[in-house]
Amino acid sequence: MDRIENLSLRDLRLLVILAERRHFARTAEEFGLSQATLSATVKKIEVAFGKPLFERSSRHVGLTPEGESVVRQALIVLEESAVLAQTFQSASAPLCGRFRLGAFPTLAPYLFPLVLPGLLASYPRLQLVLTEALSDELVRMLRTRHIDAALLALPQDESDLALWPLFREPFWLGVALEHPLAQKDVLTVADVPLEELLLLEPGHCLRDQVLAACGTGYLAHRRLVHAAGLETQRALVAARLGCAILPALATRRPDAAIKAISFAPPTPGRTIALVTRKTGKDDRDAQSLVAFLRRLPDTQPLLEPT
């Protein structure tokens, strides 16, 4: 027991990350350690528990049954330590100290510059750490306590997560100025030329949302062009290589080569929510952030309240 009590939270966090990565070199790089130091730390943890926790080979790192059990308990300890830190930080006021917030790539670069100046002015003691990743990765990071909250598009069928709907972001159609549709100010979804539609690569939630909005007819067209990111997609539109469905916030920046056209009701779009872990406790930080972000439609007419 004495050896276990001598383990630090950093030791437990390293254990959890190695269990996820199943790779010594990647874990060592993530923690800024040498592989020798990482191996020594793992050995110290295994000695503390009196059993091997990892199965090692030249090509594989796996968990023993005892390792699986220890990692599950380590996650609980890390969660409770985070709750303790949050309780201490929020004792006097919400959003004080470090708060790790994630968002997906087709939202983060357009929303963060819009809201952060006001948020940091309203909460001057907030130390915000931003993360940008695909939605599935953000959910994983929430569960493993790498971030405190994430901005995600609904639906999120996650019973262990708390969902706080914020606003609805309509979609627009982006076309080159020379495109025949550029003469129009309002479209219907049926007007979208599916044979010209550009998609993001698989993994982007916007790709799935566009397919849901445009229907399965798109899949009948074999002229598929996948872009790695939204800005690449915009550049392809400007080069007259197709058209693209754009989230409303991505149309705020003027673009001399693209016209963004709105859709008539019922407009396609996505609902953005703040997502946190369910802790069974009053989350003052999340509540304060939700209240701040729900005011966005009042200042940004492109957005709709939920």
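Okay, the overall build of the protein next. Counting secondary structure elements, the protein contains 11 helices and 13 strands. Across its three principal directions, the C-alpha atoms of the protein cover 75 × 50 × 30 Å. The proportion of buried residues among the 306 residues of the protein is 46%. Taking all contacts inside the protein whose residues are at least 6 apart in sequence as the whole, residues at least 24 apart take part in 72%. Summed over all atoms, the accessible surface of the protein reaches about 15,400 Å², with 55% contributed by carbon and sulfur.

To continue, consider the nonpolar core. With 66 residues, the main nonpolar core has L151, L173, I245 and L274 as its most contacted residues. The leading source of residues in this core is helix 6 (residues 108–122), at seven residues. If we ignore the near neighbours within four places in the chain, the residues touching L173 are L181, L187, V192, C243, A244, I245, K259, A260, I261 and F263. One finds V16, I17, L18 and F24 within the second-largest nonpolar core, a separate group that totals 23 residues.

This part takes up the packing of helix 2 (residues 9–21) against helix 4 (residues 35–49). At their nearest, the axes of helix 2 and helix 4 sit 10 Å apart, and the two run at 105 degrees to each other. With respect to helix 4, the axis of helix 2 lies roughly perpendicular. Where helix 2 approaches helix 4, its residues D11, L14, L15 and L18 are matched on the opposing element by L38, T41, V42, K44 and I45. Of the residues that constitute the contact of helix 2 with helix 4, the class distribution is six nonpolar, one polar and two charged.

With that settled, the discussion passes to the environment of Q300. Its place among the elements puts Q300 in the loop between helix 11 (296–299) and strand 13 (304–305). By relative accessible area, Q300 is classed as buried at 14%. Expressed as a C-alpha distance, the spacing of Q300 and L249, which sit 51 residues apart in the sequence, is 9.0 Å. Aside from chain neighbours lying at most four places away, what touches Q300 is L114 and R252.

As a further point, take the pairing of strand 6 (residues 161–176). Inspection of the sheet shows strand 6 paired to strand 12 (residues 269–277) by nine bridges, in the antiparallel sense. Directly across from P165, in strand 12, lies its bridge partner A273. Taken together, the two bridges between strand 6 and strand 13 define a ladder with antiparallel strand orientation. The partner of R168 across the bridge, within strand 13, is E304. Pairing between strand 6 and strand 10 (residues 244–247): four bridges, direction antiparallel. When the bridges of strand 10 are listed, L173 appears paired with I245.

For the rest of this paragraph, the subject is helix 7 (residues 135–143). Of all the residues in helix 7, the buried ones are S135, L138, V139, M141 and L142. Each buried residue of helix 7 sits inside an arc of 160 degrees when the element is viewed along its axis, so together they form one side. Tucked inside the fold, the buried residues of helix 7 contact strand 3 (97–103), strand 4 (126–132), strand 5 (149–153), strand 6, helix 8 (205–214) and strand 12.

Relative to strand 11 (residues 258–263), strand 6 runs antiparallel, the two sharing four bridges. The residue of strand 11 that forms the bridge with L173 is I261. When strand 7 (residues 186–187) meets strand 11, the two strands line up parallel, connected through two bridges. Each residue of the ladder has a partner; that of L187, found in strand 11, is F263.

The next thing to look at is the side chain of T27. Structurally, T27 can be placed in helix 3 (residues 24–31). With a relative accessible area of 0%, T27 lands in the buried category. Ignoring anything within four residues of it in the chain, the contact list for T27 reads L14, I17, L18, R21 and L38.

Now for helix 10 (residues 284–293). Within helix 10, seven of the 10 residues are buried, which leaves the element mostly enclosed by the surrounding structure. Among all positions of helix 10, only D285, A286, S288, L289, V290, F292 and L293 are buried. Its side-chain oxygen 3.4 Å from the backbone nitrogen of D285, D283 forms the N-cap of helix 10.

Our focus in this paragraph is the side chain of Q233. Tracing the backbone through its elements, the reader meets Q233 in helix 9 (residues 230–238). Ignoring any residue separated from it by four or fewer positions in sequence, one finds Q233 in contact with L198, L199, L200, A227, A244, I245 and L246.

Conventions adopted
Residues numbered from 1 in each chain as written. Predicted model: local features only at pLDDT ≥ 70, side-chain atom pairs only at ≥ 80, totals over all residues. Heavy atoms only, no water. Helix = DSSP H or I, 4+ residues; strand = E, 2+ residues; numbered from the N terminus. Buried < 20%, exposed > 50% of the residue type's maximum accessible area, 1.4 Å probe, protein only. Contact = heavy atoms within 4.5 Å. Areas by Shrake-Rupley, 256 points an atom, 1.4 Å probe, with all protein chains shown as cover. Core = buried A, V, L, I, M, F, W, Y, C linked by side-chain atoms within 4.5 Å. Axes fitted to C-alpha atoms, helices over the stretch in contact; angles between N-to-C directions. Parallel < 35°, antiparallel > 145°, perpendicular 65-115°, else oblique. Nonpolar A, V, L, I, M, F, W, Y, C, P; charged D, E, K, R; others polar. Pairing = 2+ DSSP bridges. Arc of directions from axis to C-beta. Polar contact = N/O pair within 3.5 Å; in protein donor to acceptor, adjacent residues only side chain to side chain.

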